[in-house]
Amino acid sequence: MSNQTDAAKKETNRILTGIKPTGIPHLGNYVGAIRPAIESIQNSDDEAFFFLADYHGIIGCYDPAIIHESTKIIAATWIACGLDPERVTFYRQSDVPEIPELAWILNCSCAKGLMNRAHAYKAAVDINTEKTDVDADQGVTMGLFGYPVLMAADILMFNATHVPVGRDQVQHIEMARDIAGTFNHRYKTLFTLPTAVVDDDIPLLTGLDGRKMSKSYGNTIPLFGEPNPQVSPEKQMHKAIMKIVTNSQLPEEAKDPDDSAIFEIYKAFATPEEIADMRAQYAAGIGWGDAKKALFAKINDEIAPFRARYQELMANPKELEEILQMGAAKARRHSRKQLDKSRRAIGIRPLAKLK
Ligand code: TRP
């Protein structure tokens, strides 16, 4: 009997991912993170926790206006692109005070040596070591150094089973497993060991200048344009696409689609038939201007329906704040319990019950 019940109880996956609110979302973020995350949730029964990692955002960004504005822009972007806050627990990390509390507890189960091996920290030290007369840790805050512990708290707080991330974040998930393992072994088995999910099929987009599309290169195509635009978001997108660098081949010359950023971005938005057709047009010598026009039309077809909702949310932060507070309330139903269990496990609990 009990066996049967156990077998019938299908384990549900709990997906969790954090989004650092720094900067304006661009097409690379949309294709690489936003669209796949929203689609994967729509097509499954998995439980999902998505959050704005603002306490991670303040590591290395000391501009309060950017932190504040990015939080708004990124929340509006995810909702406008179809994230359903009823279906997904969508919250702001800083609205869940149990997370930094758990981070402290986990700090005490995390070897310093483990953090010494974190790629982001090591990269900062390497840059300093190349210079003369500079301390190896110059410019490294405790926030940067302990970044993976806060991330472990984000994940372990909700006993997430699967964490979709970019390749650069896989090491952090392994560290979260390591920290969870130490705690579970030392005190009691409380934390689920999470698995990183990296999707190799997700395209990495090339930016306007031919390098990887990235905020740090300043070569992006913003998803909804710059805030407070003089020109419409649609015109801004058109203008950005017209700026994509191409080689100097003339119209009518046959072109290699696999050597073109325009084609690569087109592939991320088109159906297999449309892609095959565009390949043929490259072979037949489509001009770069026309290739860009086709690219703009394709992207615009997909993004245009989201623009009105985006503008509405940006103009009405109260609605966004309500959505985030609803998410925080849902998240805290879990986090209060999990923090309480964690504290009890380490010996922090009331001395006696008061009436
Ligand atoms: N560090 C992640 C990034 O830079 C963001 C993040 C914070 C995160 N906490 C997380 C991702 C927890 C997954 C799970 O992209």
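Residues numbered from 1 in each chain as written. Predicted model: local features only at pLDDT ≥ 70, side-chain atom pairs only at ≥ 80, totals over all residues. Heavy atoms only, no water.

**Q** Residue-level account of the overall build of the protein, with values.
**A** Within the protein one finds 14 helices and five strands. For the C-alpha atoms alone, the extent of the protein along its principal axes is close to 80 × 65 × 45 Å. The proportion of buried residues among the 355 residues of the protein is 45%. Taking the intrachain contacts of the protein between residues at least 6 apart in sequence as the baseline, contacts between residues at least 24 apart amount to 78%. On the protein, roughly 19100 Å² of surface is accessible, and the fraction owed to carbon and sulfur atoms is 53%. Positive and negative side-chain charges of the protein, numbering 42 and 46 respectively, have mean locations separated by a distance of 8 Å. (Helix = DSSP H or I, 4+ residues; strand = E, 2+ residues; numbered from the N terminus. Buried < 20%, exposed > 50% of the residue type's maximum accessible area, 1.4 Å probe, protein only. Contact = heavy atoms within 4.5 Å. Areas by Shrake-Rupley, 256 points an atom, 1.4 Å probe, with all protein chains shown as cover. Lys, Arg positive; Asp, Glu negative; His and termini not counted. Charge placed at Lys NZ, Arg CZ, Asp CG, Glu CD.)

**Q** I'd like to hear about the packing of helix 2 (residues 27-42) against helix 13 (residues 288-315), residue by residue, with values.
**A** Contact pair helix 2 / helix 13: the axes reach a minimum separation of 13 Å and the direction vectors enclose 70 degrees. Regarding the angle of helix 2 to helix 13, the classification is roughly perpendicular. Between helix 2 and helix 13, the contacting residues are Leu-27, Tyr-30 and Arg-35 on the first element and Ile-299, Glu-302, Ile-303 and Phe-306 on the second. Split into classes, the residues belonging to the contact of helix 2 with helix 13 amount to five nonpolar, no polar and two charged. (Axes fitted to C-alpha atoms, helices over the stretch in contact; angles between N-to-C directions. Parallel < 35°, antiparallel > 145°, perpendicular 65-115°, else oblique. Nonpolar A, V, L, I, M, F, W, Y, C, P; charged D, E, K, R; others polar.)

**Q** So what about the pattern of salt bridges? Which residues, and what values?
**A** Evaluated as defined, the whole model comprises 16 salt bridges. One salt bridge connects Arg-92 with Glu-321, and the closest N-O pair in it is separated by 2.7 Å. Taken together, the positions of Arg-92 in strand 3 (residues 89-92) and Glu-321 in helix 14 (residues 317-346) put the pair 229 residues apart, joining distant regions of the chain. Accessibility expressed as a relative area gives 14% for Arg-92, which makes it buried. (Salt bridge = Lys/Arg side-chain N within 4 Å of Asp/Glu carboxyl O.)

**Q** Outline the site of the ligand, listing residues and values.
**A** The ligand sits among 14 residues. The nearest are Gly-18, His-56, Tyr-147, Asp-154 and Gln-169. Note that a nitrogen atom of the ligand is positioned 2.7 Å from one of the side-chain N or O atoms of Asp-154. Within the side chain of Gln-169, one N or O atom sits 2.9 Å away from a nitrogen atom of the ligand. In terms of residue class, the shell around the ligand is made up of eight nonpolar, four polar and two charged. (Near = heavy atom within 4 Å. Polar contact = N/O pair within 3.5 Å; in protein donor to acceptor, adjacent residues only side chain to side chain.)

**Q** Describe the nonpolar core, listing the residues and the values that go with them.
**A** The tendency in soluble globular proteins is for nonpolar side chains to be buried side by side. In this structure, Leu-27, Trp-78, Ile-221 and Ile-265 are the most contacted members of the largest nonpolar core, which totals 58 residues. Counting residues per element, this core draws most heavily on helix 13, which supplies 10 residues. Residues contacting Trp-78, with those up to four places away along its chain left out, are Ile-19, Ala-33, Ile-34, Ala-37, Ile-38, Phe-50, Leu-83 and Phe-90. Core analysis: the next-biggest nonpolar cluster, separate from the first, contains 44 residues, Val-96, Ala-118, Val-125 and Tyr-147 among them. (Core = buried A, V, L, I, M, F, W, Y, C linked by side-chain atoms within 4.5 Å.)

**Q** Before we move on, can you summarise the side chain of Ser-214 with the specific residues and values?
**A** One can find Ser-214 in the loop between strand 5 (195-197) and helix 10 (233-242). If we skip the residues at most four places from it in the chain, Ser-214 touches His-26, Asn-219 and Thr-220.

**Q** Please give an account of the layout of surface pockets that cites residues and values.
**A** Regions of empty space are outlined by a rolling probe, equal in size to a water molecule, passed over the atoms. Here the second largest pocket defines a volume of roughly 370 Å³. Every residue lining the second largest pocket is counted, 18 residues in all, and those nearest its centre are Asn-107, Met-142, Gly-146, Tyr-147 and Val-149. Of all the secondary structure elements, the ones that give two or more residues to the lining of the second largest pocket are helix 5 (98-107), helix 6 (112-116) and helix 8 (142-156). The element that contributes the greatest number of residues to the lining of the second largest pocket is helix 8, accounting for seven residues. Of the residues assigned to the lining of the second largest pocket, the class counts are 14 nonpolar, three polar and one charged. (1 Å grid on protein atoms, 1.4 Å probe; cavity = no way out; pocket = protein on both sides within 12 Å on 5 of 7 lines; lining within 4 Å. Points joined across faces, edges and corners; volume = space filled by probe spheres on them.)

**Q** So what's going on with the packing of helix 4 (residues 64-80) against helix 13? Which residues, and what values?
**A** Orientation of helix 4 relative to helix 13, taken along the N-to-C sense of each, is 145 degrees, at an axis distance of 9 Å. Along this stretch, helix 4 crosses helix 13, giving a crossing that reads as right-handed. Side by side, helix 4 and helix 13 meet where Glu-69, Lys-72, Ile-73, Ala-76, Thr-77, Ile-79 and Ala-80 of the first sit next to Phe-306, Arg-309, Tyr-310, Leu-313 and Met-314 of the second. Residue composition of the contact of helix 4 with helix 13, by class: eight nonpolar, one polar and three charged. (Left-handed = near helix turned anticlockwise from the far one by under 90°.)

**Q** Account for the environment of Glu-174, naming residues and giving values.
**A** Counting through the fold element by element, Glu-174 comes out in helix 9 (residues 170-186). Counting along the chain gives 21 residues from Glu-174 to Thr-195, while the straight-line C-alpha distance between them is 7.9 Å.

**Q** Please provide a residue-by-residue account of the side chain of Asp-95, values included.
**A** Here Asp-95 shows up in the loop between strand 3 and helix 5. Exposure remark for Asp-95: the relative accessible area of 19% places this residue in the buried category. One polar contact links Asp-95 to Gln-325, side chain to side chain, over a distance of 3.4 Å.

**Q** Account for the packing of aromatic side chains, naming residues and giving values.
**A** Following the criterion strictly, the structure yields 12 aromatic pairs and no others. Each ring, one from Tyr-30 and one from Phe-306, has its centre 6.4 Å from the other, and the planes form 55 degrees; the classification is tilted. Here Tyr-30 is found in helix 2, whereas its partner Phe-306 is found in helix 13, with 276 residues between them in sequence. Here Tyr-30 and Phe-306 have matching classes, each one buried. (Phe/Tyr/Trp six-rings, centres within 6.5 Å; stacked < 30°, edge-to-face > 60°.)

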